[in-house]
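Geometric and topological summary
Here's the letter readout for the chains.
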Amino acid sequence: AEPTLTVDERETRFNDRVQSFYSTAQRTANLDEATVRGFFEYQALLNALEENITSDVSRETTYVNTRHILVATQEAAENVLAALQAGERFAALARAVSTDTGSGSRGGELGWSPANGFVEPFEEAVLNAEIGLVVGPVESEFGFHIIQVSAREEREMTDNEFDQAKARVFSEWLEDLTNDDNNDIV
C-alpha cells in the first residue's frame, strides 16, 4: 500500500501530467498549449450548446416492431406488392429480392426499434401505418420500401438511443441554422 498523497503532492503530480500532455501534443502534432486549450474550449462550448438545444428531447419515444422489403425501383416495389397481394409470403419475398441483405436474410425483420431512428419517410410510414397492413412503396434515400408494422408502443429509450436522438436533433438544428440564408454565421 502506498501512503495517501498530500494536497500539494497531488497538485504537483497533476501539473506534471498536464505539462507532459502539452509536451506530447507539441512533439507529436506540433500543437502549442493555446491551440490545445482552444480546442477543448470549443468542445466544451459545443457540448453546452448541444445540451441547451436538446434539453427538451424526451426519453420516451414510439418503438415499432416492423419488417420491410427494400428494392431499387418503384416498378420493383410495385411487383413486390402485387406478389404479396397474390399470396406470396412476406418473409420469402424479403429473402429473395430485398437489397437490404441484413434484414432480408431474416425475412425482412427489423425487430423493435425507435421510430425516430429511421430516415424520415420510413419513420413517417411506420408511425402512420395500420398495424398488420402492408404499406408502400415508401421512397427513401436507400430505395423503395414495402413495410409492415406488427406492433407499436411508447417506451423509454436506452442511454445510447437517447444520445443518438439528441445528436440527431442537434445536427438537424445546426444544419437548419447554417442553411438559413438569413443567418450571418461567423
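Nothing here was measured: the structure is a model prediction, and the numbers come from that model. (Residues numbered from 1 in each chain as written. Predicted model: local features only at pLDDT ≥ 70, side-chain atom pairs only at ≥ 80, totals over all residues. Heavy atoms only, no water.)

**Some remarks on the packing of helix α2 (residues 33-53) against helix α7 (residues 159-179)**
Threshold: Axis definition: a line fitted to C-alpha atoms, over the contacting stretch in the case of helices. Angles run 0 to 180 degrees between N-to-C directions. Numbered from the N terminus, helices here are DSSP runs of H or I no shorter than four residues, and strands are runs of E no shorter than two. Angular relationships are summarised with four words: roughly parallel below 35 degrees, roughly antiparallel beyond 145, roughly perpendicular across 65 to 115, and oblique for the angles in between. A contact between two residues is defined here by any heavy atoms of the two lying within 4.5 Å. In this classification, the charged set is Asp, Glu, Lys and Arg, the nonpolar set is Ala, Val, Leu, Ile, Met, Phe, Trp, Tyr, Cys and Pro, and all remaining amino acids, among them Gly, are polar.
Following both chains from N to C, one finds α2 and α7 inclined at 100°, their axes separated by 9 Å at the closest point. With respect to their mutual orientation, α2 and α7 come out roughly perpendicular. Only Lys166, Ala167, Phe170 and Trp173 of α7 make contact with α2, whose side of the interface consists of Leu46, Leu49, Glu50, Glu51 and Ile53. Split into classes, the residues belonging to the contact of α2 with α7 amount to 6 nonpolar, no polar and 3 charged.

**Details of the packing of helix α1 (residues 7-29) against α2**
Interaxial distance between α1 and α2 falls to 9 Å at its minimum, and their mutual angle equals 105°. The angle between α1 and α2 places the two elements in the roughly perpendicular class. Residues Gln19, Phe21, Tyr22 and Ala25 of α1 lie in contact with α2, whose contacting residues are Glu33, Val36, Arg37 and Phe40. Along the lines of polarity and charge, the residues of the contact of α1 with α2 split into 5 nonpolar, 1 polar and 2 charged.

**Re a nonpolar patch on the surface**
Note the threshold: Patch construction takes residues with relative accessible area above 30% that form no salt bridge. Like charges are linked within 9 Å, and nonpolar side chains (Val, Leu, Ile, Met, Phe, Trp, Tyr) are linked within 5 Å. Method for areas: the Shrake-Rupley scheme with a 1.4 Å probe, in which residue coverage is limited to the protein chains shown. Any carboxyl oxygen of Asp or Glu within 4 Å of a side-chain nitrogen of Lys or Arg constitutes a salt bridge here.
Residues Phe21, Phe39 and Phe40 make up a contiguous nonpolar surface patch of roughly 320 Å² in combined accessible area. For Phe40, the location among the structural elements is in helix α2.

**What about the sheet that holds strand β2 (residues 109-114)?**
Here is the rule: Strand pairing requires that DSSP identify at least two bridges connecting the strands.
With antiparallel pairing, 4 strands are arranged side by side in an open sheet as β2-β1-β4-β3. Two strands lie at the open edges of the sheet, namely β2 and β3 (134-140), each paired on one side alone. In this sheet, neighbouring strand axes are inclined to one another by 40° on average, regardless of whether the strands run parallel or antiparallel. Note that β3 and strand β4 (residues 143-156) share 5 bridges and pair antiparallel. When the bridges of β4 are listed, Ser140 appears paired with Gly143. The strands that helix α4 (residues 90-97) touches are β1 (60-71), β3 and β4; relative to β1, the one it contacts most, it runs at about 65°.

**Things to note about the pairing of β1**
Filter applied, for reference: The classification of residues rests on relative accessible area computed with a 1.4 Å probe and restricted to protein chains. Under 20% of the type maximum is buried, over 50% is exposed, and intermediate values are partly exposed.
Across the 12 residues of β1, 10 count as buried, placing the element largely inside the fold. By the bridge criterion, 12 bridges tie β1 to β4 in an arrangement that is antiparallel. Note that in β4 the partner of His68 across the bridge is Ile147. Direction of pairing for β1 relative to β2: antiparallel, over a ladder of 5 bridges. Within the sheet, the bridge partner assigned to Arg67 lies in β2 and is Glu109.

**Thoughts on the pattern of salt bridges**
For the structure shown, the criterion picks out 6 salt bridges. Across the pair Glu109 and Arg67 runs a salt bridge, and its minimum N-O distance is 4.0 Å. Remark: Arg67 occurs in strand β1 and Glu109 occurs in strand β2; sequence separation between them is 42 residues. Given a relative accessible area of 31%, Glu109 falls into the partly exposed group.

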